[in-house]
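# Reading the structure
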Amino acid sequence: MIVSLVVFIFICESISSSKVWTLSVPCCNMSDHVPQILYPCNNTVEALVGSKLEITCRVWAELHPTVEILVYWLANQSYIEDYSKSTRVTEVRTERREKKSSYIEVQLSFSEVKIKDFEINFLCVVLSDEIDQESFVFIRPAVSSVASDFVVALFVLISIILVSTCVYKFVKSKHPLNYAILK
Ligand SMILES: *[C@@H]1O[C@H](CO)[C@@H](O)[C@H](O)[C@H]1NC(C)=O
Ligand SMILES: *[C@@H]1O[C@H](CO)[C@@H](O)[C@H](O)[C@H]1NC(C)=O
């Protein structure tokens, strides 16, 4: 019962929000000891108007306490605060240290994608004493194909049937006496 509810909620969540997985293939070789932008890769991501979206600028770097590495996003050459003027688009920076390498990640989160986002060049900038690198990403409207919509609809339908079957069984098992009396 709880499992099917969780599945149902998960499906609803995945319909309403599209998440961009950025940990896949990096676009640069980690050759030198200078910071490298691993993502974005001057590419495009797809999103639906009104959906949530997260794009992470991922930078490989050797973190030294004395060297400051700035990582930030620009929207058509404007700072994100100036572009969004609200909390619709926000930036969150995290640093992850692993054994041999460290990553700086700045996540650009859209609480709701708007049509105007499709015309903007979102640029991730990395600045330090050593380097000045940038890499952009464009958001493009997602074309939801009829086939994928059908699969989603089927999934939702199956979940609803599953949930109602469970609810029915649950209710039935709670009131076995009523059924006995009705017979
Ligand atoms: C942002 O820049 C792109 C070209 O890079 C341009 O087509 C678009 O109109 C610009 N959008 C705004 C809101 O200035
Ligand atoms: C991406 O575009 C920027 C210019 O906006 C350029 O400096 C950079 O080298 C490009 N990166 C890749 C991986 O092509």
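Please refer to the structure higher up on the page.
Attention here is on the structure that accompanies the text. (Residues numbered from 1 in each chain as written. Chains lettered and ligands numbered in written order. Predicted model: local features only at pLDDT ≥ 70, side-chain atom pairs only at ≥ 80, totals over all residues. Heavy atoms only, no water.)

Around ligand 2 sit Asn 42, Glu 134 and Phe 136, and those are all the residues in its vicinity. Taking Asn 42, its side chain carries an N or O atom lying 2.5 Å from an oxygen atom of ligand 2. When ligand 2 sits alone it has 370 Å² of accessible area, and the protein chains cover 46% of it. (Near = heavy atom within 4 Å. Polar contact = N/O pair within 3.5 Å; in protein donor to acceptor, adjacent residues only side chain to side chain. Areas by Shrake-Rupley, 256 points an atom, 1.4 Å probe, with all protein chains shown as cover.)

Quick look at the packing of aromatic side chains now. Within this structure, the stated rule accounts for four aromatic pairs. For the ring pair Tyr 72 and Tyr 79, a centre distance of 6.0 Å and an interplane angle of 50 degrees mean the geometry is tilted. Judged by its relative accessible area of 45%, Tyr 79 is partly exposed. Judged by centre distance (5.4 Å) and plane angle (90 degrees), the rings of Phe 110 and Phe 122 are edge-to-face. Pair noted here: Phe 110 is in strand 7 (residues 102–110) and Phe 122 is in strand 8 (residues 122–127), with a separation of twelve residues, a long-range link. Phe 122 sits in the buried class, given a relative accessible area of 0%. Across from the ring centre of Tyr 103, 4.1 Å away, lies the NZ or CZ of Arg 58, which sits over that ring. Over the ring of Tyr 83 we find Lys 116; its NZ or CZ atom is 4.8 Å from the centre of that ring. (Phe/Tyr/Trp six-rings, centres within 6.5 Å; stacked < 30°, edge-to-face > 60°. Buried < 20%, exposed > 50% of the residue type's maximum accessible area, 1.4 Å probe, protein only. Helix = DSSP H or I, 4+ residues; strand = E, 2+ residues; numbered from the N terminus. Lys NZ or Arg CZ within 6 Å of the ring centre and 35° of its normal.)

Right, let's get into the state of the cysteines. According to the stated counting rule, one finds one disulfide in the structure shown. In this model Cys 57 forms its disulfide with Cys 124; the gap between the sulfur atoms is 1.9 Å. Across the S-S bond of Cys 57 and Cys 124 the torsion is about -75 degrees, and the bridge reads as left-handed. Of this pair, Cys 57 sits in strand 3 (residues 53–61) while Cys 124 is found in strand 8, placing the two residues 67 residues apart along the sequence. Of the two residues, Cys 57 and Cys 124, both sit in the buried class. (Disulfide = S-S within 2.5 Å.)

In this section: the environment of Ile 131. With respect to the helices and strands, Ile 131 occurs in the loop between strand 8 and strand 9 (132–141). Judged by relative accessible area, which is 12%, Ile 131 ranks as buried. In sequence terms Ile 131 and Val 34 are 97 residues apart; their C-alpha atoms lie 7.2 Å from each other. With residues near it in sequence (within four places) discarded, Ile 131 still touches Val 34, Pro 35 and Val 126. (Contact = heavy atoms within 4.5 Å.)

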